[in-house]
Amino acid sequence: MSLPVFTVERLPAVGPATLDGPEGKHAATVRRLRVGEELLLSDAQGGMARCVVESAERDALGLTVSQTWHEPLPELRVRVVQALVKGDRGELAVELATEAGVDGVVPWRAARCVAKWDDGPRGAKALARWRSTAAAAAKQARRAWTPEVAEPVGTKHLARLVAEADATLVLHESATRQLTDVELPASGELLLVVGPEGGITDDELAALSEAGAQVTRLGHTVLRASTAGAVALGALGALTTRWA
């Protein structure tokens, strides 16, 4: 069984350490870790530490750090541009993409999005839910990196991101090229654009294509906006060195 992961702001050095705060309380009272058991600490930025529990209190654990290391990002980094999805299906999209290894998520205010994130408290609350979902999913998947969930963007801003990226793939059911036919870069940043359940408009497709995006499809079926990103990430893992 793989070791549980707990996130810390700063990774401790080899030797004695303490896991306290919310993570320490969770480890001690919810996971009920006891003396002699092992766990992993992560700083969410690639740093990892293997630890043994030396003492257990009500809301903290005394640890001995036996090993620390740093896991680099993959040579080809993938950011999923996820159109806003109504209800908890947006959080599902972030959760699945994080478990599938995404390196970042960009919420997209596409024209046909049913969900609308305003610039006030409601939008901030929705963004916070996506970020907390990514953090929880990264721990569940035992990832050394927690993907960054950026501020939401409109199509004009997205077109600028497309122009700056090394490659961009827009998943769309009208595409004649399948993902397996696209020449993928070996390194750099790849944007993977997933539209809303209402579909990407012709104007949006034109704007993204003009900025350098390639329109492609995964197969002959249509996936939901909440699952397409994770399925595409799995395909990219096999088609590139990301899973090497």
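Conventions we followed
- Residues numbered from 1 in each chain as written.
- Predicted model: local features only at pLDDT ≥ 70, side-chain atom pairs only at ≥ 80, totals over all residues.
- Heavy atoms only, no water.
- UniProt positions renumbered as here; feature names shortened; annotations may be inferred.
- Helix = DSSP H or I, 4+ residues; strand = E, 2+ residues; numbered from the N terminus.
- Buried < 20%, exposed > 50% of the residue type's maximum accessible area, 1.4 Å probe, protein only.
- Contact = heavy atoms within 4.5 Å.
- Areas by Shrake-Rupley, 256 points an atom, 1.4 Å probe, with all protein chains shown as cover.
- Lys, Arg positive; Asp, Glu negative; His and termini not counted.
- Charge placed at Lys NZ, Arg CZ, Asp CG, Glu CD.
- Pairing = 2+ DSSP bridges.
- Axes fitted to C-alpha atoms, helices over the stretch in contact; angles between N-to-C directions.

The protein is annotated in an unreviewed UniProt entry as Ribosomal RNA small subunit methyltransferase E of Saccharopolyspora flava. What the UniProt record of the protein gives under Catalytic activity (unreviewed entry) is the line "uridine(1498) in 16S rRNA + S-adenosyl-L-methionine = N(3)-methyluridine(1498) in 16S rRNA + S-adenosyl-L-homocysteine + H(+)". For the protein, the Sequence similarities (unreviewed entry) comment in UniProt is given as "Belongs to the RNA methyltransferase RsmE family."

**Student:** For this particular structure, what's the right way to read the overall build of the protein?
**Tutor:** A tally of regular secondary structure across the protein gives six helices and eleven strands. A burial count over the protein gives 48% of its 244 residues as buried. Summarising the internal contacts of the protein: among those between residues at least 6 apart in sequence, 71% fall at separations of at least 24. When the accessible surface of the protein is totalled, it reaches about 12400 Å², and 50% of it is carbon and sulfur. Looking at the protein, you have 27 positive and 31 negative side-chain charges, and the mean spots of the two groups are 5 Å apart.

**Student:** Help me out: how do you make sense of the sheet that holds strand β11 (residues 214-216) in this one?
**Tutor:** The strands making up a sheet associate through hydrogen bonds between their backbones, and the pairing can be parallel or antiparallel. The strand order across the open sheet formed by six strands is β8-β7-β6-β10-β9-β11, and the pairing between neighbours is parallel. Strands at the two margins of the open sheet, each flanked by one partner only, are β8 (148-149) and β11. Here helix α4 (residues 155-164) sits on the sheet in contact with β6 (76-83), β7 (104-108), β9 (167-171) and β10 (188-194), set at roughly 150 degrees to β7.

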